[in-house]
Amino acid sequence: MGWADAADCALEPQGEGRVAAVVDARSFRLEDGREVRLAGIERAGTDGARGRAALSAIAGGRDVTLHGEDDTPDRYGRQPAFVFVTGSEHSVQSELLRRGEALVSTDIADKNCAASLAAAEAIARQGKLGIWGEAAAIKNAESPGDILAAIGQFTVVECRVLSVRQAGATTYLNFGRNWTQDFAATISRRAIPAFENAGLGPKSLENRRILVRGVVSSRGGPRIELFRVGQIEVLGGK
C-alpha cells in the first residue's frame, strides 16, 4: 500500500466546520467552538511553535470534515478525529507525516489507516524531511542518557535486541547488558499473542535491529512499554 492510496483514514463521518484557530501542533478550534484533536499522530520534536506553524499551513482557515469511530470528546473536551481539508483526498495527519512534522502514534485500531499513515511517515524518513533531517530524530539505545532525557515524551528509538528475558508476567527486550541502566522495551503477557500472530514473537527479535516507539518511562533505566504491534518495526536481518 502506498501513500497515494486515498482516504484510508476516512472512517465514519463525524461532522464538518471551518478552522478558526490552531491551538497547538495537534489540535485546533472550529468556528462553532468545538476543539478537535488530531488522532493517530504524535508531536514531532519539542518545538511547539514549529508544530503549530506546520498545522496552520495545512488547515488554518480551511473548511474541514471530521472522521472517526467515535465523536466522544476526550477528558479535555477535545473531539479526536481524522481530518480532511475540503477537496483533499489525504488527511491532515498524512500531510503532516509526509512533511516530517509528526510521528505515527501507537493507538490506531484500523489496520488500513495505520498502514497509510506509516507509509506517509516513511516518505519523510527516507527523504530526511522535517524532524527526520535532525540527528536526534531517532534515539540510539546505546545512549540511554539521551532516552532518559525524553521521559514522558513520545519517542522513536533504534536498537539491536541483545537478549529477550521473561520476569513474571513481563517480557523484556534488552538492548544492553546493564538491565538497571540500559534501555529496554517491555511486553505484558496478555499482549504477547498479538505480537506472535504478526510474526514479531519476542524470541524471533533477538539480535535483530528494530525501531520501537512509545512514551518513555524510567524504571531504573529508560523503558518503553509495547502495547501494539505497530510499535515495532524490523529494520534488517540478523
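**Some thoughts on the state of the cysteines**
Link 1 in the chain: If you walk through the whole model with that rule in mind, you get one disulfide.
Link 2 in the chain: Covalently, Cys9 is tied to Cys113 through a disulfide, its sulfur atoms 2.0 Å apart. Because the sign of the S-S torsion sets the handedness, a value of about 95° for the bond joining Cys9 and Cys113 places this disulfide among the right-handed ones. Of this pair, Cys9 sits in the segment before β1 (12-24) while Cys113 sits in helix α3 (residues 111-127), and the two are 104 residues apart along the sequence.
Link 3 in the chain: Accessibility expressed as a relative area gives 0% for Cys113, which makes it buried.

**Looking at helix α1 (residues 48-59)**
Every α-helical turn comprises 3.6 residues, leaving residues that sit three or four positions apart pointing alike.
Link 1 in the chain: If you check α1, its first and last C-alpha atoms are 16 Å apart, about what twelve residues at 1.5 Å a residue would give, namely 16 Å.
Link 2 in the chain: Elements that come into contact with the buried residues of α1 comprise β1, β2 (27-30), β3 (35-38), β4 (41-43), β6 (78-85) and α2 (92-98).
Link 3 in the chain: Immediately beyond the C-terminal end of α1, within one or two residues, lies Gly61, with a positive phi of roughly 70°.

**So, the side chain of His67**
Link 1 in the chain: Mapped onto the elements, His67 comes out in strand β5 (residues 63-68).
Link 2 in the chain: Here the side chain of His67 touches Thr65 through a polar contact of 3.4 Å, side chain to side chain.
Link 3 in the chain: When residues no more than four places from it in sequence are discounted, the contact partners of His67 are Cys9, Ala10, Leu11, Glu12, Pro13, Gln14, Ala81, Phe82 and Phe84.

**Observations regarding the pairing of strand β10 (residues 163-167)**
Link 1 in the chain: In this structure, β10 lies alongside strand β11 (residues 170-174), joined through five bridges in antiparallel fashion. Residue Arg165 lies in a different strand from β11, and its bridge partner there is Tyr172.
Link 2 in the chain: In textbook terms, the turn of a hairpin is the stretch between consecutive antiparallel strands, and for β10 and β11 this stretch comprises two residues, one of which, Gly168, has a positive phi near 65°.

**Observations regarding the nonpolar core**
Generally speaking, soluble globular proteins have nonpolar side chains that are buried together.
Link 1 in the chain: Ranked by size, the top nonpolar core spans 28 residues in total, and within it Phe28, Leu38, Val64, Val83, Val92, Leu96 and Leu117 carry the most contacts.
Link 2 in the chain: Listing elements by their share of this core, those giving two or more residues are β2, β3, α1, β5, β6, α2, β7 (102-104) and α3.
Link 3 in the chain: Apart from the residues lying within four places of it in its own chain, the contact partners of Val92 are Leu38, Leu55, Ile58, Ala59, Val83 and Val85.
Link 4 in the chain: Counting 23 residues, the second largest nonpolar core, distinct from the first, contains Ala150, Leu173, Leu226 and Ile232.

**Concerning the pattern of salt bridges**
Link 1 in the chain: Counting across every chain of the model gives 16 salt bridges.
Link 2 in the chain: Residues Glu35 and Arg29 are paired through a salt bridge, measuring 3.7 Å at the closest nitrogen-oxygen approach.
Link 3 in the chain: Residue class for Arg29 comes out partly exposed when judged on its relative accessible area of 34%.
Link 4 in the chain: Arg99 is paired through a salt bridge with Glu95; the nearest N and O atoms lie 4.0 Å apart.
Link 5 in the chain: Connected via shared salt-bridge partners are Glu121, Arg125, Arg213 and Glu233.

**A word on the confidence of the model for the chain**
Link 1 in the chain: Here the chain averages 90 in pLDDT, while 96% of its residues score no lower than 70.
Link 2 in the chain: Of all helices and strands in the chain, the one with the weakest mean pLDDT is helix α4 (residues 144-148) (87), whereas β2 scores best (97).

Here is what the cut-offs are and how they apply
Residues numbered from 1 in each chain as written. Predicted model: local features only at pLDDT ≥ 70, side-chain atom pairs only at ≥ 80, totals over all residues. Heavy atoms only, no water. Disulfide = S-S within 2.5 Å. Helix = DSSP H or I, 4+ residues; strand = E, 2+ residues; numbered from the N terminus. Buried < 20%, exposed > 50% of the residue type's maximum accessible area, 1.4 Å probe, protein only. Expected span 1.5 Å × (residues − 1). Contact = heavy atoms within 4.5 Å. Polar contact = N/O pair within 3.5 Å; in protein donor to acceptor, adjacent residues only side chain to side chain. Pairing = 2+ DSSP bridges. Core = buried A, V, L, I, M, F, W, Y, C linked by side-chain atoms within 4.5 Å. Salt bridge = Lys/Arg side-chain N within 4 Å of Asp/Glu carboxyl O. pLDDT = per-residue confidence, 0-100.

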